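Chain residues, written in single-letter form:
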Amino acid sequence: MILNPSSEKYSKTAIVKPKQIAVMLILLNLVLSFFVLLFPHGERRFIFKNDFPWIQQLAFDDTSAHDFKLQFVSAHDLFYVDSAEQKSQENFDEMVSNVQISDTNDTKADVEIVEISEDKSIQYPDKTKHALSDFFEALLQLENGSNQIFRILHYGDSQLEGDRISDYVRSKMQNRFGGNGPGIVLPIDVSKSRVSIRQSESGDWNKYAIYTTNRLEDGNYGIGGSTYRFSGKFLKVVGTDTVIKRAYDSMIVKTKNIPLKEPIIDSVSGDTIRFKTEKYKVPFDSSKFHYDTTYRKRYEKTGEGNSWLKFNCATQSYPRVRTFNQVKLLYNSKDTCRLIATIDGVEKSMVLPASSTTQLITIHNGNVSEGVTLNFKGLSPNIFGVLLDGETGIAVDNFPMRGSSGTGYSMINSGVYARQLELTNTKLIIMEYGINVVPNPQKNYDYYQKLFDAQLKAIRKAKPDVDILIIGPSDMSRKVGAEHKSYPNITLIRDAMKKAAFDNGCAFWDLYAAMGGQNSMVEWVNAKPPLASKDYTHFSSKGAAYVGEMLYDALMSEYHYWKLGKSQNP
């Protein structure tokens, strides 16, 4: 609401005719065309003396104050197809033709062996290829009729949000080796888009995680790298406040993150990379403002109430994940807590006993086809996850960590983590990271290799015999002139992760190479239907299925040859 309408700015309104707009657009395009023809390479550098310090403020790239660069679309980009782009298209066409997404609604066991190329194969630190043998042994037990549940933990960054890659691999694994349900589900899903379960929670839950600023001092984190507690207090909207404040006509504040020559390592966690931040302002006339009215909700804390978690069975996911018959809770607590569980509309009450060590308590045995609601009353335990599984077979758990570069595992209490891995019968840990390191290119990633190495050592300390598969970063593109091209540092980050993996006896899968290598993300985005989103970073649902199929094929190919070798050398 403008309170000073008499201002000259608001009392005069210029009328712009459509014809004038058309003429201005034509003139603007003529001027841009002039620059394209004048500088056919799409770039022009200007050299300035130190007498112009303000040039540094305008340099939005890594150029110095002496070297100011203008970039625009080149004539070559406008009229010719780049040979690298043609090569990328050829690689993509070959990749798609060799990867066949199966109908995972077919619950028949998929035992066909797919011959895969070297760039899509799993790599090992030595010729023995023992890095995944314990996991393969567990699969063989299931094929021979074992009545156990074996787990695969799939950790990763935002590329895993929505449980799309994990869900495809889960369905393929469960079709072949048995199993049901989405596995371990965390109380809060940040993405609100998980396909394997529909979940919601009361508004009083707090999340503590190794990849956020909300952390725990004692390292009492759960198997998903996070711990959840409820407060029992709820915020209620009790009114609205009217706030009148100044609204300035023009004010621009710009921020630029510049990586230091040597990254700063957080002295507390030992794994946080920080970047120097420069802030500068474009001056504005503080006399030009008007008063505006805004509204702000007023909240009040209510008394104690029931804190709840709700998990409704999926309706759009694969058949085996839609039902389950085991509901368990992973937690520890200093005090007892009352739990009222409603399973398919039937209510049951129980008490969670106090325990300083992690407990895996069974809430329900029996088929669940509609959903589960858990109501808690009392002081909050540390909730690490709700297990929604079948009685036997494979469970695949999805743990996305938005913004994470794969560090923070060394912050988890080793004893707490070890017990949870043992209680859940975890046989394989998959770690898929790297894309959050890409956007700030550096020439050397020895620091990241050391950080990632420390995380693998922390996991090994908790469970030395667990098999670990590292997945390198996918391709990512940024705008260069008129084109999107791969970041130049992806292979450096991949190699740093691979070295850390091999130094710790872990297997490695090169997703960057598997999806087509350099500039392949452009083709995934341009595919029909699109296999990646327009941010040139994240896969679409269809693209996630392709990644899941390639990962599953790689694992099953290795399993086939492992069994072959075992039969020849019993």
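About the cut-offs
- The residue numbers shown here count from 1 along each chain, following its written sequence.
- Totals for whole chains, interfaces and linings use every residue, but because this is a predicted model, local features are given only for residues with pLDDT of at least 70 and side-chain atom pairs only at 80 or more, for both listing and counting.
- Hydrogen atoms and water are omitted, and side-chain values are computed over all heavy atoms in the structure.
- Only residues above 30% relative accessible area that lack a salt bridge enter a patch, with like-charged residues linked at up to 9 Å and the nonpolar side chains Val, Leu, Ile, Met, Phe, Trp and Tyr linked at up to 5 Å.
- Calculation of accessible area relied on Shrake-Rupley with a 1.4 Å probe; when residues are assessed, cover is drawn exclusively from the protein chains displayed.
- The term salt bridge refers to a side-chain nitrogen of Lys or Arg lying within 4 Å of a carboxyl oxygen of Asp or Glu.
- Only DSSP runs of H or I reaching four residues or more are called helices, and only runs of E reaching two or more are called strands; each is numbered from the N terminus.
- The rule is simple: take the accessible area with a 1.4 Å probe, protein chains only, and divide by the maximum for that residue type; under 20% is buried, over 50% is exposed, in between is partly exposed.
- A pair of Phe, Tyr and Trp rings is counted when the ring centres sit within 6.5 Å of each other, with Trp represented by its six-membered ring. The angle between the planes then sorts it: under 30 degrees is stacked, over 60 is edge-to-face, the rest tilted.
- Two thresholds decide whether a charge sits over a ring: the Lys NZ or Arg CZ must be within 6 Å of the ring centre and within 35 degrees of the ring normal.
- The axes are straight lines fitted to the C-alpha atoms, using for helices just the contacting stretch, and the angles between their N-to-C directions are given from 0 to 180°.
- These descriptions rest on fixed angle ranges, namely under 35 degrees for roughly parallel, over 145 for roughly antiparallel, 65 to 115 for roughly perpendicular, and the rest for oblique.
- For this analysis, residues touch if any pair of their heavy atoms sits within 4.5 Å.
- Asp, Glu, Lys and Arg are counted as charged, while Ala, Val, Leu, Ile, Met, Phe, Trp, Tyr, Cys and Pro are counted as nonpolar; the rest, among them Gly, fall into the polar class.
- Note on convention: the crossing is left-handed when the near helix lies turned anticlockwise from the far helix by less than a right angle, right-handed when the turn is clockwise.
- Any pair of N or O atoms that falls within 3.5 Å is considered a polar contact. Within protein, one atom must be able to donate a hydrogen and the other to accept it, and sequence-neighbouring residues count only if both atoms are side-chain atoms.
- DSSP bridges decide pairing: two strands pair if at least two such bridges lie between them.

There is a patch of nonpolar side chains on the surface, built from Val16, Ile21, Leu25, Leu28 and Leu32 and spanning about 460 Å² of accessible area. Residue placement: leucine 25 occurs in helix 2 (residues 18–38). In this structure leucine 25 comes out as partly exposed when scored by relative accessible area, which is 48%.

Attention now goes to the packing of aromatic side chains. With the rule as written, the count across this model stands at 16 aromatic pairs. With centroids separated by 5.6 Å and ring planes inclined at 45°, the aromatic side chains of phenylalanine 136 and tyrosine 559 adopt a geometry described as tilted. Here phenylalanine 136 is found in helix 6 (residues 133–143), whereas its partner tyrosine 559 is found in helix 14 (residues 541–568), with 423 residues between them in sequence. This pair shows no difference in class: phenylalanine 136 is buried, exactly as tyrosine 559 is. With centroids separated by 6.4 Å and ring planes inclined at 80°, the aromatic side chains of tyrosine 409 and tyrosine 433 adopt a geometry described as edge-to-face. Of this pair, tyrosine 409 sits in the loop between strand 22 (393–400) and helix 9 (414–423) while tyrosine 433 sits in the loop between strand 23 (426–432) and helix 10 (446–462); the two residues are 24 residues apart in sequence, bridging distant segments of the chain. Tyrosine 433 matches tyrosine 409 in its accessibility class, with the two residues each being buried. Here arginine 229 stacks its cationic end above the ring of tyrosine 208, 5.1 Å away from the centre of that ring. When the ring centre of tryptophan 308 is taken as origin, the NZ or CZ atom of lysine 310, which lies over that ring, is 5.6 Å away.

Taken N-terminus to C-terminus, the directions of helix 6 and helix 14 make an angle of 80°; their axes are 10 Å apart at the nearest point. Between helix 6 and helix 14, the interaxial angle falls into the category roughly perpendicular. Residues Ser133, Phe136, Glu137, Leu139, Leu140 and Glu143 of helix 6 touch helix 14, and the partners they reach there are Leu555, Met556, Glu558, Tyr559, Trp562, Lys563 and Lys566. For the contact of helix 6 with helix 14, a count of residues per class yields seven nonpolar, one polar and five charged.

Now for the pattern of salt bridges. Tallied over the entire structure, the rule returns 18 salt bridges. In this structure, glutamate 161 engages arginine 402 in a salt bridge whose closest nitrogen and oxygen atoms are separated by 2.7 Å. Taken as a pair, glutamate 161 in the loop between strand 4 (149–156) and helix 7 (164–177) and arginine 402 in the loop between strand 22 and helix 9 lie far apart in primary sequence, 241 residues in all. Among the ionic pairs, glutamate 422 bridges to lysine 463, the shortest N-O distance being 3.1 Å. Here lysine 463 lies in the loop between helix 10 and strand 24 (467–471) and glutamate 422 lies in helix 9, a separation of 41 residues in the sequence. By sharing partners, the salt bridges in this structure join Asp163, Asp167, Arg170 and Arg194 into a single network.

All right, on to the packing of helix 7 against helix 14 then. In the contact formed by helix 7 and helix 14, the axes pass within 8 Å of each other and the chain directions differ by 40°. With respect to their mutual orientation, helix 7 and helix 14 come out oblique. By crossing handedness, the relation of helix 7 to helix 14 is classed as right-handed. Within the contact between the two elements, helix 7 uses Arg164, Ile165, Tyr168, Val169, Lys172, Met173, Arg176 and Phe177 and helix 14 uses Ser541, Ala544, Ala545, Val547, Gly548, Glu549, Leu551, Tyr552, Leu555, Met556, Tyr559 and Lys563. Taken together, the residues of the contact of helix 7 with helix 14 sort by class into 13 nonpolar, two polar and five charged.

For serine 486, the location among the structural elements is in strand 26 (residues 483–486). Residue class for serine 486 comes out buried when judged on its relative accessible area of 11%. At 2.7 Å, the side chain of serine 486 forms a polar contact with the side chain of aspartate 475. Of the polar contacts made by the side chain of serine 486, one reaches the backbone nitrogen of asparagine 519; its length is 2.5 Å.

Ordered by their spatial adjacency, five strands build an open sheet running 6-15-20-17-18, and the pairing between neighbours is antiparallel. Single-partner strands in this sheet number two, and they are strand 6 (197–201) and strand 18 (346–352). Direction aside, neighbouring strands of the sheet carry axes that sit 15° apart on average. Relative to strand 18, strand 17 (residues 337–343) is paired through seven bridges, and the arrangement is antiparallel. Residue pairing for strand 18: alanine 341 is matched across the bridge by lysine 348.

By themselves, these observations are geometric and do not establish any function.
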